[in-house]
Amino acid sequence: MINSLIIDDEIQSRDSLKSYLNLYCPEVKLLDEADNVETGIKKIEKYNPELVFLDVQMPDGTGFDLLERIHKRNFNIIFVTAYDKYAIKAFKFSAIDFLLKPVDSDELINAVKKLDLAHEVRLLNKKIELLLQNKEGFKKIAIPSMNEIEFVQLSDIIRCESDANYTIFYLKDGHKKSVSRTLKEFDEMLSNEGFCRVHHSQLVNLSHVLKYIKGEGGQLVLDNDD
């Protein structure tokens, strides 16, 4: 069993999530619930849960505020939030799972199935620290691979290249990272962070552009000689 808490100020949202957990996720045991940041912190300290379903906006603060005040963050998190463009972008940058309200039962099932408690808890604090850092502006991104997640400065990414359903990251130190996500996903994340989709297969960090060569189609020369 996965011992869990729900922290959400909307009673309807809590009741709906509880109902779905009972119906579709019998492996998740709900220990208790809270409706604000202060109570949520007390319940986490009391129960030491393995999983917390956490709302973003609450009357006395945000889910981010709660995480900043928890010193022993040894639990998994699935954010449950109303549509919030900035928060969703922060979750994607940090590789933290989230569900949109109203919660879809299939998405809830998938989020719970993806949990690997031993592995995820080791990465949890790094993910949370990145999330909290990016709260004031996006500086780093989590790049997941088969066996690890690397946290990379945006300034260290020279370009991203499409390779079917994969994206290859070309980094300033010469390394390449292959990620099983499409370039379209990273284009949506990075297009307002100094990156430009200059070709259907190329997303370029404009800070690494040396020059543009005119001519048929045109060419960009980057500072790694690409």
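Residues numbered from 1 in each chain as written. Predicted model: local features only at pLDDT ≥ 70, side-chain atom pairs only at ≥ 80, totals over all residues. Heavy atoms only, no water.

(A) Spotlight on helix H2 (residues 37–47). All buried positions along H2 are accounted for by Val37, Gly40, Ile41, Lys43 and Ile44. Down the axis of H2, the smallest arc covering the buried residues is 165°, so these residues share one side. Those residues of H2 that are exposed and angled more than 90 degrees off the buried face are Lys42, Glu45 and Lys46. In this structure, the buried side of H2 is in contact with strand S1 (2–7), strand S2 (28–34), strand S3 (51–54), strand S4 (57–58), strand S5 (61–62) and helix H3 (63–69). The distance from a side-chain oxygen at the start of H2 to the backbone nitrogen of Glu38 is 3.2 Å, and the residue carrying that oxygen is Asn36. (Buried < 20%, exposed > 50% of the residue type's maximum accessible area, 1.4 Å probe, protein only. Helix = DSSP H or I, 4+ residues; strand = E, 2+ residues; numbered from the N terminus. Arc of directions from axis to C-beta. Contact = heavy atoms within 4.5 Å. Polar contact = N/O pair within 3.5 Å; in protein donor to acceptor, adjacent residues only side chain to side chain.)

(B) Region of the structure containing the pairing of strand S12 (residues 176–179). Pairing of strand S11 (residues 166–171) with S12 involves four bridges; the strand directions are antiparallel. Residue pairing for S12: Tyr170 is matched across the bridge by Lys176. The turn linking S11 back onto S12 is made up of four residues, and Gly174 within it adopts a positive phi angle of 95°. (Pairing = 2+ DSSP bridges.)

(C) Representation of the packing of aromatic side chains in the model. Counting across every chain of the model gives eight aromatic pairs. The interplanar angle of 55° and the centroid separation of 5.7 Å between the aromatic rings of Tyr20 and Tyr24 together place this pair among those described as tilted. Pair noted here: Tyr20 and Tyr24 are both in helix H1 (residues 11–24), with a separation of four residues, about one helical turn. Given the relative accessible area of 24%, Tyr20 is considered partly exposed. You can call Tyr24 partly exposed: its relative accessible area is 38%. Aromatic pair Phe169 and Phe186: ring centres 4.9 Å apart, planes at 90°, arrangement edge-to-face. (Phe/Tyr/Trp six-rings, centres within 6.5 Å; stacked < 30°, edge-to-face > 60°.)

(D) The arrangement of the sheet that holds S3 in detail. Judged by pairing direction, the sheet is parallel, and its five strands sit side by side in the order S2-S1-S3-S6-S7 without closing on themselves. Two strands bound the open sheet, and with one partner strand each, they are S2 and strand S7 (98–100). Taking the axes of each pair of neighbouring strands and ignoring which way they run, one obtains an average angle of 20° across the sheet. Across three bridges, strand S6 (residues 76–81) lies against S7 in parallel orientation. (Axes fitted to C-alpha atoms, helices over the stretch in contact; angles between N-to-C directions.)

(E) Structural view of H1. With 14 residues, H1 ought to run about 20 Å at 1.5 Å a step, and its terminal C-alpha atoms sit 20 Å apart, in line with that. For H1, the complete set of buried residues consists of Ser13, Arg14, Leu17 and Leu21. Around the axis of H1, the buried residues are gathered within 100° of arc, so they sit on the same side. Summarising the geometry of H1, the exposed residues directed more than 90 degrees from the buried face are Ile11, Gln12, Asn22 and Leu23. (Expected span 1.5 Å × (residues − 1).)

(F) Spotlight on empty space enclosed by the protein. Counting across every chain of the model gives one cavity of 30 Å³ or more. Approximately 30 Å³ is the volume found for the largest cavity. The set of elements that each furnish at least two residues to the lining of the largest cavity consists of S1, H1 and S3. At three residues, the largest contribution of residues to the lining of the largest cavity is made by H1. (1 Å grid on protein atoms, 1.4 Å probe; cavity = no way out; pocket = protein on both sides within 12 Å on 5 of 7 lines; lining within 4 Å. Points joined across faces, edges and corners; volume = space filled by probe spheres on them.)

(G) View of the confidence of the model for the chain. Summary statistics for the chain give a mean pLDDT of 92 and a share of 96% for residues scoring 70 or more. Confidence, read as mean pLDDT per element, is least for helix H6 (residues 117–134) in the chain (76) and greatest for strand S14 (residues 202–205) (98). (pLDDT = per-residue confidence, 0-100.)

(H) Structural view of the nonpolar core. The biggest cluster of nonpolar side chains holds 42 residues, and the ones touching the most others in it are Leu54, Leu66, Leu67, Phe79, Ile141, Ile157 and Leu190. Membership of the second largest hydrophobic core comes to 17 residues, among which are Ile2, Leu17, Leu51 and Val103. (Core = buried A, V, L, I, M, F, W, Y, C linked by side-chain atoms within 4.5 Å.)

(I) Looking closely at the pairing of S1. With respect to burial, S1 is a largely interior element, five of its six residues being buried. Relative to S2, S1 runs parallel, the two being bridged by six bridges. Bridging across to S2, Ile6 finds its partner in Glu33. At this point the chain moves from S1, through H1, to the parallel S2, and the crossover so formed is right-handed. (Right-handed = clockwise from strand over helix to strand, strands pointing away.)

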